[in-house]
Amino acid sequence: MTDRVFNVLFLCTGNSARSILAESLLNQMGDGRFRAHSAGSHPKGAVHPLALETLRGLDFLIDGLRSKSWDEFESADAPTMDFIFTVCDNAAGEACPLWLGHPVTAHWGIEDPAAVEGSELEQKTAFVAACGYLHNRISAFVALPIHRLEPAALKSALQAIGTIEGASSVPVTMGAASHGG
(Lines give C-alpha, C1' and ligand atoms only; values in the text may rest on other atoms or scores of the structure.)
Protein backbone atom coordinates (compact mmCIF):
# COMPACT_ATOMS: atom_id res chain seq x y z
CA MET A 1 0.00 0.00 0.00
CA THR A 2 1.22 3.50 -0.71
CA ASP A 3 0.38 6.91 0.74
CA ARG A 4 0.46 8.47 -2.71
CA VAL A 5 -2.25 11.03 -3.43
CA PHE A 6 -3.72 10.78 -6.94
CA ASN A 7 -4.50 13.96 -8.89
CA VAL A 8 -7.81 13.88 -10.75
CA LEU A 9 -9.11 16.43 -13.25
CA PHE A 10 -12.80 16.64 -14.18
CA LEU A 11 -13.40 18.37 -17.51
CA CYS A 12 -16.51 19.99 -18.88
CA THR A 13 -16.95 22.71 -21.46
CA GLY A 14 -18.16 25.49 -19.14
CA ASN A 15 -16.74 24.29 -15.79
CA SER A 16 -19.73 25.71 -13.95
CA ALA A 17 -21.82 22.71 -12.92
CA ARG A 18 -20.96 19.00 -13.46
CA SER A 19 -17.18 19.24 -13.20
CA ILE A 20 -17.52 21.53 -10.17
CA LEU A 21 -19.86 19.04 -8.48
CA ALA A 22 -17.42 16.20 -9.19
CA GLU A 23 -14.44 18.17 -7.85
CA SER A 24 -16.15 18.83 -4.53
CA LEU A 25 -17.51 15.29 -4.22
CA LEU A 26 -14.18 13.56 -4.84
CA ASN A 27 -12.22 15.90 -2.60
CA GLN A 28 -14.50 14.94 0.27
CA MET A 29 -15.28 11.31 -0.60
CA GLY A 30 -11.68 10.49 -1.53
CA ASP A 31 -10.66 10.52 2.12
CA GLY A 32 -7.33 12.23 1.38
CA ARG A 33 -6.31 9.67 -1.28
CA PHE A 34 -7.31 11.95 -4.16
CA ARG A 35 -6.85 15.63 -4.97
CA ALA A 36 -9.61 16.66 -7.35
CA HIS A 37 -9.58 19.60 -9.72
CA SER A 38 -11.96 20.80 -12.42
CA ALA A 39 -11.62 22.88 -15.55
CA GLY A 40 -13.34 23.74 -18.79
CA SER A 41 -12.40 24.16 -22.41
CA HIS A 42 -14.52 27.34 -22.52
CA PRO A 43 -15.13 28.20 -18.86
CA LYS A 44 -18.14 30.33 -17.99
CA GLY A 45 -16.07 32.23 -15.42
CA ALA A 46 -18.52 31.60 -12.58
CA VAL A 47 -19.83 28.55 -10.79
CA HIS A 48 -23.56 27.99 -11.32
CA PRO A 49 -25.41 29.09 -8.16
CA LEU A 50 -27.46 25.87 -8.10
CA ALA A 51 -24.27 23.79 -8.12
CA LEU A 52 -23.13 25.59 -4.98
CA GLU A 53 -26.59 25.37 -3.40
CA THR A 54 -26.78 21.64 -4.13
CA LEU A 55 -23.34 20.93 -2.67
CA ARG A 56 -24.02 23.05 0.39
CA GLY A 57 -27.39 21.33 0.93
CA LEU A 58 -25.70 17.92 0.84
CA ASP A 59 -22.94 19.01 3.25
CA PHE A 60 -20.15 19.06 0.67
CA LEU A 61 -17.47 21.75 0.80
CA ILE A 62 -17.67 24.66 -1.63
CA ASP A 63 -14.66 26.72 -0.50
CA GLY A 64 -12.27 27.48 -3.35
CA LEU A 65 -14.52 26.22 -6.15
CA ARG A 66 -14.20 28.38 -9.25
CA SER A 67 -14.73 28.16 -12.98
CA LYS A 68 -11.38 27.98 -14.77
CA SER A 69 -9.75 27.04 -18.04
CA TRP A 70 -7.98 23.77 -18.61
CA ASP A 71 -5.04 25.95 -19.69
CA GLU A 72 -4.21 26.32 -15.97
CA PHE A 73 -3.31 22.63 -15.93
CA GLU A 74 -0.89 22.82 -18.86
CA SER A 75 1.71 24.98 -17.13
CA ALA A 76 4.96 23.56 -15.82
CA ASP A 77 3.97 24.24 -12.20
CA ALA A 78 0.54 22.57 -12.52
CA PRO A 79 0.01 19.25 -10.77
CA THR A 80 0.54 16.20 -12.97
CA MET A 81 -2.78 14.43 -13.40
CA ASP A 82 -3.16 10.71 -12.80
CA PHE A 83 -6.76 10.58 -14.02
CA ILE A 84 -8.84 12.80 -16.28
CA PHE A 85 -12.60 12.34 -16.59
CA THR A 86 -14.82 14.24 -18.98
CA VAL A 87 -18.30 14.72 -17.58
CA CYS A 88 -19.90 16.34 -20.61
CA ASP A 89 -20.15 15.02 -24.14
CA ASN A 90 -18.91 18.27 -25.72
CA ALA A 91 -15.64 18.30 -23.78
CA ALA A 92 -15.08 14.60 -24.50
CA GLY A 93 -15.32 15.24 -28.24
CA GLU A 94 -12.95 18.19 -28.26
CA ALA A 95 -9.26 17.99 -29.00
CA CYS A 96 -7.87 18.22 -25.49
CA PRO A 97 -4.39 19.35 -24.54
CA LEU A 98 -1.64 16.76 -24.38
CA TRP A 99 -1.49 16.11 -20.65
CA LEU A 100 1.86 15.54 -18.97
CA GLY A 101 2.30 12.22 -17.22
CA HIS A 102 -0.02 10.28 -19.51
CA PRO A 103 -3.07 10.20 -17.22
CA VAL A 104 -5.68 7.47 -17.46
CA THR A 105 -8.77 8.94 -19.12
CA ALA A 106 -12.44 8.02 -19.26
CA HIS A 107 -15.72 9.63 -20.22
CA TRP A 108 -18.36 9.84 -17.46
CA GLY A 109 -20.91 11.96 -19.31
CA ILE A 110 -24.14 13.01 -17.70
CA GLU A 111 -26.80 15.44 -18.89
CA ASP A 112 -26.17 19.10 -18.10
CA PRO A 113 -28.34 20.24 -15.19
CA ALA A 114 -27.61 23.87 -16.10
CA ALA A 115 -29.36 23.34 -19.44
CA VAL A 116 -32.66 22.39 -17.82
CA GLU A 117 -35.35 24.94 -18.45
CA GLY A 118 -38.49 25.09 -16.40
CA SER A 119 -39.47 25.90 -12.88
CA GLU A 120 -36.97 26.50 -10.10
CA LEU A 121 -37.96 23.13 -8.65
CA GLU A 122 -37.23 21.36 -11.96
CA GLN A 123 -33.84 23.05 -12.18
CA LYS A 124 -32.94 22.17 -8.58
CA THR A 125 -34.08 18.58 -9.17
CA ALA A 126 -31.75 18.36 -12.19
CA PHE A 127 -28.78 19.47 -10.09
CA VAL A 128 -29.57 17.02 -7.30
CA ALA A 129 -29.91 14.21 -9.88
CA ALA A 130 -26.59 15.13 -11.54
CA CYS A 131 -24.92 15.22 -8.15
CA GLY A 132 -26.37 11.79 -7.36
CA TYR A 133 -25.08 10.30 -10.62
CA LEU A 134 -21.63 11.75 -9.97
CA HIS A 135 -21.74 10.51 -6.38
CA ASN A 136 -22.39 6.97 -7.65
CA ARG A 137 -19.49 7.14 -10.12
CA ILE A 138 -17.10 8.60 -7.57
CA SER A 139 -18.12 5.98 -4.99
CA ALA A 140 -17.26 3.26 -7.51
CA PHE A 141 -13.99 5.01 -8.38
CA VAL A 142 -12.74 5.40 -4.81
CA ALA A 143 -13.59 1.74 -4.14
CA LEU A 144 -11.30 0.52 -6.95
CA PRO A 145 -8.08 -1.21 -5.88
CA ILE A 146 -6.10 1.22 -8.07
CA HIS A 147 -2.68 0.02 -6.89
CA ARG A 148 -3.48 -3.61 -7.70
CA LEU A 149 -5.05 -3.23 -11.14
CA GLU A 150 -3.10 -3.65 -14.33
CA PRO A 151 -3.37 -0.59 -16.63
CA ALA A 152 -5.78 -2.25 -19.09
CA ALA A 153 -8.03 -3.48 -16.27
CA LEU A 154 -8.01 -0.03 -14.66
CA LYS A 155 -8.91 1.66 -17.95
CA SER A 156 -11.72 -0.85 -18.49
CA ALA A 157 -13.07 -0.33 -14.98
CA LEU A 158 -13.04 3.45 -15.39
CA GLN A 159 -14.87 3.23 -18.70
CA ALA A 160 -17.47 0.92 -17.14
CA ILE A 161 -18.06 3.44 -14.35
CA GLY A 162 -19.01 5.97 -17.03
CA THR A 163 -21.86 3.74 -18.21
CA ILE A 164 -23.69 3.34 -14.90
CA GLU A 165 -27.10 4.93 -14.31
CA GLY A 166 -27.35 8.51 -15.51
CA ALA A 167 -24.92 8.21 -18.41
CA SER A 168 -25.63 10.65 -21.22
CA SER A 169 -27.08 8.97 -24.26
CA VAL A 170 -24.47 10.14 -26.75
CA PRO A 171 -21.58 7.68 -27.22
CA VAL A 172 -18.35 9.67 -27.18
CA THR A 173 -14.65 8.98 -27.29
CA MET A 174 -12.27 11.44 -25.76
CA GLY A 175 -10.38 13.81 -28.07
CA ALA A 176 -7.33 12.25 -29.67
CA ALA A 177 -4.80 14.47 -27.91
CA SER A 178 -6.13 13.54 -24.47
CA HIS A 179 -5.33 9.85 -24.62
CA GLY A 180 -2.47 9.06 -22.37
CA GLY A 181 -3.21 5.70 -20.89
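Look a little higher up for the structure.
These notes cover the structure that comes with them. From a predicted model like this one, the values you see are computed outputs, not experimental measurements.

Quick notes on the rules
- For every chain, the first residue of the written sequence is number 1, and numbering continues from 1 onward in sequence order.
- This being a predicted model, a pLDDT of at least 70 is required before a residue's local features are given, and a value of 80 or more before pairs of side-chain atoms are given or counted; all residues contribute to the totals for chains, interfaces and linings.
- Working from all heavy atoms in the structure, the side-chain values ignore hydrogens and water.
- The set of buried Ala, Val, Leu, Ile, Met, Phe, Trp, Tyr and Cys residues whose side-chain atoms join them within 4.5 Å is what this entry labels a nonpolar core.
- Only protein chains enter the accessibility calculation, which uses a 1.4 Å probe; a residue whose area is less than 20% of its type maximum is buried, one above 50% is exposed, and one in between is partly exposed.
- Strands here are runs of E lasting at least two residues and helices are runs of H or I lasting at least four, both read from the DSSP assignment and numbered beginning at the N terminus.
- Working rule for contacts: check all heavy atoms of both residues, and any pair within 4.5 Å makes them a contact.
- Two strands are said to pair when DSSP picks up at least two bridges between them.
- In this analysis an axis means a line fitted to C-alpha atoms, helices contributing only their contacting stretch, and an angle means the value between N-to-C directions, from 0 to 180 degrees.
- With respect to orientation, any angle under 35 degrees is reported as roughly parallel, any angle over 145 as roughly antiparallel, any angle of 65 to 115 as roughly perpendicular, and every other angle as oblique.
- Two helices cross in a left-handed way if the nearer one is turned anticlockwise from the farther one by less than a right angle. They cross in a right-handed way if the turn is clockwise.

What to know about the nonpolar core
Step number 1: One finds Phe 10, Phe 83, Trp 108, Phe 141 and Leu 158 to be the most contacted residues of the largest nonpolar core, which totals 39 residues.
Step number 2: With 7 residues, the top contributor of residues to this core is helix α4 (residues 120-143).
Step number 3: Other than its neighbours up to four places away in sequence, Phe 141 contacts Val 8, Leu 26, Phe 34, Phe 83, Phe 85, Trp 108, Ile 146, Leu 158 and Ile 161.
Step number 4: Leu 9, Leu 11, Met 81 and Ile 84 belong to the second largest nonpolar core, which has 7 residues in total.

Here we look at the sheet that holds strand β1 (residues 6-12)
Step number 1: Strand order across the open sheet formed by 4 strands is β2-β1-β3-β4, with parallel pairing between neighbours. Two strands bound the open sheet, and with one partner strand each, they are β2 (34-40) and β4 (104-107). Averaged over all pairs of adjacent strands, the angle between their axes in this sheet comes to 20 degrees, without regard to strand direction.
Step number 2: As judged from the 7 bridges shared by β1 and β2, these two strands associate in the parallel manner. Residue pairing for β2: Leu 9 is matched across the bridge by His 37.

Here's the deal with the packing of helix α1 (residues 18-29) against α4
Step number 1: Relative orientation of the contacting elements α1 and α4 amounts to 45 degrees, with a least axis distance of 9 Å. Comparing the axis directions of α1 and α4 gives the class oblique. When the axes of α1 and α4 are compared, the crossing they make is right-handed. Here Arg 18, Leu 21, Ala 22, Leu 25, Leu 26 and Met 29 of α1 lie close against α4, whose contacting residues are Phe 127, Ala 130, Cys 131, Leu 134, His 135, Ile 138, Ser 139, Phe 141 and Val 142.

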